[in-house]
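# Coordinate analysis (summary)
The primary structure of each chain is shown beneath.
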Amino acid sequence: MSNTSHEVAQGPHHTSGAASTALSAHSIDKKFPGVLANDSVDFDVRAGEVHTLLGENGAGKSTLAAVLCGLYQPDAGYLMRNGKRINLSSPRAGLQHGIAMVHQHFRLVERFTVSENVILGSRDLPFRLNRRDINEKVAAVAESYGLPIDPDATVGDLSVGQRQRVEIVKALYQGAEILLLDEPTAVLVPSEVEKLFENVHAMTAAGKSIVFISHKLGEVVEISDRVTVLRNGRVTGHVSGRGTADTKELARLMVGRDIELNAQRASHATGHEVLQIRNLSLSVNDVSMLSDISFSVHAGEMVGIAGVAGNGQRELADTIAGLISPTSGSVTISGSMTTDRGPIQAREVGLAYVPEDRLGMGLVPSMSILDNLLLTRDRQIVVDRVSVRPEAARLIEQFEIKANGPDHLARKLSGGNAQKVLLARELSGGRGATKLLVVCSPTRGLDVGAIETVRRLLNDARSAGQAILLISEDLDEVLSLSDRVLVLYRGAVVHETPGETAKLSQVGAAMAGLANEGRS
Amino acid sequence: MLVPFRVVFEQRGETPRRLSLLVPLSSVFAALFFGALFLIATGHSPIDTYSNMFQDGFASFNGITDTLALSTVLICTGISAAFAFQMNLYNIGGEGQLYLGLIGGAWAGIALGDHLPTLLMVPVVLLCGALAGAAWIFVPAFVRSRLGTSEIVSTLLLTYIGASLIKHVIYTPGSFFRNPNTSFPQGRLVADSASLDSFGSSRLYPTFFVALIIAVALYWVVKRTEFGYRINVIADSPKAAHYAGIHANRTTMWVMLISGALSGLAGAMLIVGPYGKIEPSIITLGYGYAGIVVAALARNNLGLIIVSGILFSGLRVGGNNLQVTTDTPIHIGVMLQGAILLFALGGEAFRRYHIHVVRVHDVSTKKVAA
């Protein structure tokens, strides 16, 4: 595969092309303790194109981007800008060469206005700032790429999408020719994604280069002129042509083998109602997070909740788990009302909850596997670790957790193994026998082997008669596992369909908030 | 590129075992070396000074018993600090809680008179001191657990009020705590039944063993009990605590109250031990603040507090005696204590980071043809 990449970087078709290479990276190596994050990676981006870096979490996309913008120095390899070799000692050096990164987590001062944020870090400012001049300049830059923004607005008052716009305007204002967008859609609602893609087109039309970093296949196909796929720090392939890339092919390159996107769902007779949610609404600081949600999950049934991140999934899960009190409505688990009763009562009637945030919420990082197993159980005044130890050892074996034993610290586990510990604890029952399992993004960031194990465990739990609520941003996962699929959009269930006959296009449209306007 | 080298801090995934011992030891030696430079510059022999300090701190009968006597107090204030610190609650007002412990202990020792036998009286005095210390931290603990108000500021400010309170009860004519028989302002002695005898000719009191027992007991509580389990969960990730239904507010309250009680206990130990009364000079000694240092040296590990408490006490006793046995100014001793602390804490960087120097290869000079 590295041969292919070599060709793309320096092949003859390239130099004869209409646009010249704006920035290229050659045999980049970057090592972190224990990980080779980039292994002789070649990459290039031309003026006026969108070149996507695609890969799973931990594939080395963000590391490569950090090297490209000067945040990291490569251990080996070099960068070339417009055919000249460059050495970027810092992001500032990157900026001097017209390379800027828009980070996934914005780096803005919330108390400052938009234009104050934009000029932050500029070195050639006069001693006395002329605000009107700066505002005009900022507005002009924003306007020319279709990024309307009020230069006097305080950043703290802006929405996430608008803040991202500020970051982009800042990069453009500083003279960026090459913009690296690190997972820019992760925080956006569908309408904002659309708007962002329009801005991207406006920028490429003006000759800017965009390096788009993502792991979401659908949007990658939509936006990219070319795609470079990374896996385990190595380039595994290239695909070019906007809208022509085959998602199956991309998935294969990304994961390393053919992926069966179709269902492996076994059908069961479902039993009695385990989870019943009635008219659940939640407002936080007068912002509606959940509105009038009603549904139920039966024994032996898996109900999937699809939706773009930030549409109320986390709030829904936390409310069911008793961590948040809803503004109105009720949650009933196994016939007992658990609304407002707290997590311990919910667990006593059979709740198990695998939160999205594994290390830090589901698991205590500095504690051992053994102590983490005790987290959701009934503990005596003097904690009895001796009698739990054999069980911990048994679970480690049963769930194939790679650890040195029950005393292995949670923070030293890999993502997949941490998730297995969490599942082992939640599935093995704590305060009461598990009847309802709420799982959030159970396979995010895991490698393929772990993903398969986790999905198998969920299927097994369903076969054993547990009711499962699967909340995931991974639409393929929701569609392939669930018996029923609900789509959450802006805190409301906007679409419901049986899993077997669910149509990707329909569910996707509902996720984008187009449920009432028919199919897209 | 003017400097061809760059210092790189690389976070360690795991601290190698040997460094856990090597770093503190070399920190102490580095501090002694640093101190030696000052000693030489001021015309003192570093070797003589250090051997005197060691002699007076650890290697003579008076030295070691004085060291253990001082460590009785410092172990208490040390665990008071470490117990709160390990839950990220920065009670830096142990000093003030110690003053209150002195007042509370003295009150019990005077007011209860000779009605109780020593075996009962001493525990009552210690308990009253501990309660007074806990009471002094109650308001900071309450507002911290309910409103999230910074306990750093509130506990520190209360220390100044505590110091004024000590002065008030001693210098006010007719005060309950003031010795009525002298015109010179002095604390009133507690009842005989509230005073312990020291061991032989030493200044070491049995309270030393109380401090040891408390240190070991709290270590056990944190490692083995449900309460300790909660502390560990909350300290590491409040979100996980919330997830598991652990009430952080309540635990915060208890941990701070216990921390205050321990500093108060340290004050009461001075009442049943060496002082027997409120000694206004306590506000110049900084035993409460020293507890923070003891906790920092032990990296808040309750199991190590006994060791760091005795070591630090030895340094202090040895340093203080310098002026008596040699003509070295007392400030040299104080400076050495500071240097050791500074180096010990600075050494942490070596434990946490792999620090190495790399050559910066300048590629800008070797331009590659396009």
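Residues numbered from 1 in each chain as written. Chains lettered and ligands numbered in written order. Predicted model: local features only at pLDDT ≥ 70, side-chain atom pairs only at ≥ 80, totals over all residues.

## Some remarks on the overall build of chain A
Per the secondary structure count, chain A includes 18 helices and 20 strands. Computed over C-alpha atoms, the radius of gyration of chain A comes to 25 Å, within 12% of the 24 Å expected from 2.2 N^0.38 for 520 residues, which places it in the range of a compact globule. Referenced to the eigenvectors of the C-alpha coordinate spread, the extents of chain A come out at roughly 65 × 50 × 50 Å. A separation threshold of at least 6 residues defines the contact pool for chain A, and within that pool the share at least 24 residues apart is 67%. (Helix = DSSP H or I, 4+ residues; strand = E, 2+ residues; numbered from the N terminus. Rg over C-alpha atoms; globule rule 2.2 N^0.38 Å. Contact = placed C-beta atoms within 7 Å.)

## Notes on the overall build of chain B
Across its full length, chain B carries 14 helices and two strands. Expressed as lengths along the three principal axes of its C-alpha atoms, the size of chain B is roughly 95 × 60 × 35 Å. Within chain B, counting contacts between residues at least 6 apart in sequence, those at least 24 apart form 78% of the total.

## Notes on the environment of A:Glu183
All names here are of chain A. Relative to the assigned elements, Glu183 resides in the loop between strand E7 (178–182) and helix H8 (190–205). With 80 residues separating them in the primary sequence, Glu183 and His103 have C-alpha atoms 7.9 Å apart. Residues contacting Glu183, with those up to four places away along its chain left out, are Gln104, Ile213 and Ser214.

## Description of the packing of helix H4 (residues 94–111) of chain B against helix H11 (residues 287–297) of chain B
The axes of two packed helices give the description: the angle between them and the distance between them. Residues and elements named next belong to chain B. In the contact formed by H4 and H11, the axes pass within 6 Å of each other and the chain directions differ by 135°. As judged from the angle between their axes, H4 and H11 are oblique. Handedness of the H4/H11 crossing: right-handed. Counted together, Gly94, Glu95, Gly96, Gln97 and Leu98 of H4 and Tyr287, Gly288, Tyr289, Gly291 and Ile292 of H11 form the full contact between these two elements. In terms of residue class, the contact of H4 with H11 is built from four nonpolar, five polar and one charged. (Axes fitted to C-alpha atoms, helices over the stretch in contact; angles between N-to-C directions. Parallel < 35°, antiparallel > 145°, perpendicular 65-115°, else oblique. Left-handed = near helix turned anticlockwise from the far one by under 90°. Nonpolar A, V, L, I, M, F, W, Y, C, P; charged D, E, K, R; others polar.)

## Notes on the nonpolar core
Counting 183 residues, the largest nonpolar core has A:Leu436, A:Leu470, A:Val487, B:Ile79, B:Ile103, B:Val125 and B:Ile305 as its most contacted members. Discounting chain neighbours no more than four positions away, the residues touching A:Leu436 are A:Val274, A:Leu275, A:Val297, A:Ile333, A:Gly350, A:Leu351, A:Ala352, A:Gln466 and A:Ala467. A:Val41, A:Ala66, A:Val102 and A:Val220 belong to the second largest nonpolar core, which has 65 residues in total. (Core = buried A, V, L, I, M, F, W, Y, C linked by C-beta atoms within 7 Å. Buried ≥ 20, exposed ≤ 12 C-beta atoms within 10 Å, placed from the backbone.)

## Brief notes about the sheet that holds strand E18 (residues 467–471) of chain A
All names here are of chain A. Sheet architecture is open: six strands sit in the order E16-E17-E18-E13-E19-E20, paired in mixed fashion. This sheet does not close on itself; its edge strands, each paired only once, are strand E16 (351–354) and strand E20 (492–498). Direction aside, neighbouring strands of the sheet carry axes that sit 15° apart on average. Strand direction decides the pairing type here: strand E19 (residues 484–489) and E20, joined by six bridges, are antiparallel. Counterpart to Val485 in the pairing with E20 is Thr497. Sitting on the sheet, helix H11 (residues 313–320) is in contact with strand E13 (302–306), E16, strand E17 (436–440), E18 and E19, with an inclination near 155° to E17. (Pairing = 2+ DSSP bridges.)

## Some points on the packing of H4(B) against helix H5 (residues 118–147) of chain B
All names here are of chain B. At a minimum axis separation of 7 Å, H4 and H5 run at an interaxial angle of 140°. Taken as axis vectors, H4 and H5 run oblique relative to one another. Considering the relative orientation of H4 and H5, their crossing is right-handed. Contact with H4, carried on its side by Gly96, Gln97, Leu98, Leu100, Gly101, Ile103, Gly104, Gly105, Trp107, Ala108 and Gly109, involves Val124, Val125, Leu126, Cys128, Gly129, Ala130, Leu131, Ala132, Gly133, Ala135, Trp136 and Ile137 of H5 and no other residues of that element. Partitioning the contact of H4 with H5 into residue classes produces 15 nonpolar, eight polar and no charged.

## Some thoughts on the domain arrangement of chain A
All names here are of chain A. Split into domains, chain A comes out as domain 1 (2–98 + 177–255), domain 2 (109–176) and domain 3 (273–363 + 434–517). For domain 1 and domain 2, the distance between their C-alpha centroids amounts to 26 Å. With 15 residues of domain 1 in contact, the opposing surface of domain 2 contributes eleven residues. At the level of secondary structure, the elements contributing two or more residues to the side of domain 1 that touches domain 2 comprise E7 and H8. In terms of residue class, the side of domain 1 that touches domain 2 is made up of nine nonpolar, two polar and four charged. (Domains from an automatic or database assignment.)

## Quick notes on the interface of chain B and chain A
Each partner contributes to the interface: chain B provides 21 residues, whereas chain A provides 29 residues. Secondary-structure elements contributing two or more residues to the side of chain B that touches chain A are helix H8 (226–236) and helix H9 (238–243) of chain B. The biggest single contributor to the side of chain B that touches chain A is H8(B), with five residues.

## Here's the deal with the confidence of the model for chain B
Residue and element names in this part refer to chain B. For chain B, per-residue confidence averages 88 on the pLDDT scale, and 95% of positions sit at 70 or higher. Confidence drops under a pLDDT of 50 for residues 362–370, and excluding neighbours within four residues, the segment shows ten contacts in the predicted structure. Prediction confidence for the complex, expressed as pTM and ipTM, is 0.76 and 0.82 respectively. (pLDDT = per-residue confidence, 0-100.)

## Describing H11(A)
The α-helix advances 3.6 residues per turn, and as a result positions three or four apart in sequence lie on the same side. Residue and element names in this part refer to chain A. For H11, a buried count of seven out of eight residues is recorded, marking the element as mostly surrounded by other parts of the structure. Taken together, the buried positions of H11 are Gln313, Glu315, Leu316, Ala317, Asp318, Thr319 and Ile320. Backbone geometry just after H11 places Gly322 at a positive phi near 85°.

## Some remarks on the pairing of E13(A)
Residue and element names in this part refer to chain A. Across the five residues of E13, five count as buried, placing the element largely inside the fold. Side-chain alternation along E13 places Met302, Gly304 and Ala306 on one buried face and Val303 and Ile305 on a second face that is also buried. Pairing of E13 with E18 involves four bridges; the strand directions are parallel. Within E18, the position partnered with Val303 by the bridge is Leu469. Note: E13 against E19, four bridges, orientation parallel. Bridge pairing links Val303 to Arg484 in E19.

## Section: the confidence of the model for chain A
Across chain A, the average pLDDT comes to 84, with 91% of residues at or above 70. This model gives residues 1–18 of chain A a pLDDT under 50, and the stretch forms 20 contacts once residues within four places in sequence are excluded.

## A few points about helix H7 (residues 160–173) of chain A
Residues and elements named next belong to chain A. Counted at 1.5 Å a residue, the expected span for H7 with its 14 residues is 20 Å, and the 20 Å between its end C-alpha atoms agrees. With ten of 14 residues buried, H7 is to be regarded as a mostly interior element. Of all the positions in H7, only Arg163, Gln164, Arg165, Val166, Glu167, Ile168, Val169, Lys170, Ala171 and Leu172 are classed as buried. Count one or two residues on from H7 and you reach Gly175, which has phi positive near 90°. (Expected span 1.5 Å × (residues − 1).)

## Re the environment of A:Leu469
Positionally, A:Leu469 belongs in strand E18. Judged by the 25 C-beta atoms lying within 10 Å of it, A:Leu469 is buried.

## Observations regarding unusual backbone geometry
The phi angle of most residues is negative, glycine excepted, and most peptide bonds adopt the trans form. Within the chain, A:Asn82 stands out as a residue other than glycine whose phi angle is a positive 50°. Tracing the backbone shows A:Asn82 in the loop between strand E4 (76–81) and strand E5 (84–86).

## Overview of the environment of B:Asn300
Residues and elements named next belong to chain B. Relative to the elements of secondary structure, Asn300 occurs in the loop between H11 and helix H12 (305–325). The exposure class of Asn300 is buried, given the 20 C-beta atoms found within 10 Å. Separated by 141 residues in the primary sequence, Asn300 and Thr159 place their C-alpha atoms 22 Å from one another. Discounting chain neighbours no more than four positions away, the residues touching Asn300 are Ala82, Phe85, Gln86 and Ala295.

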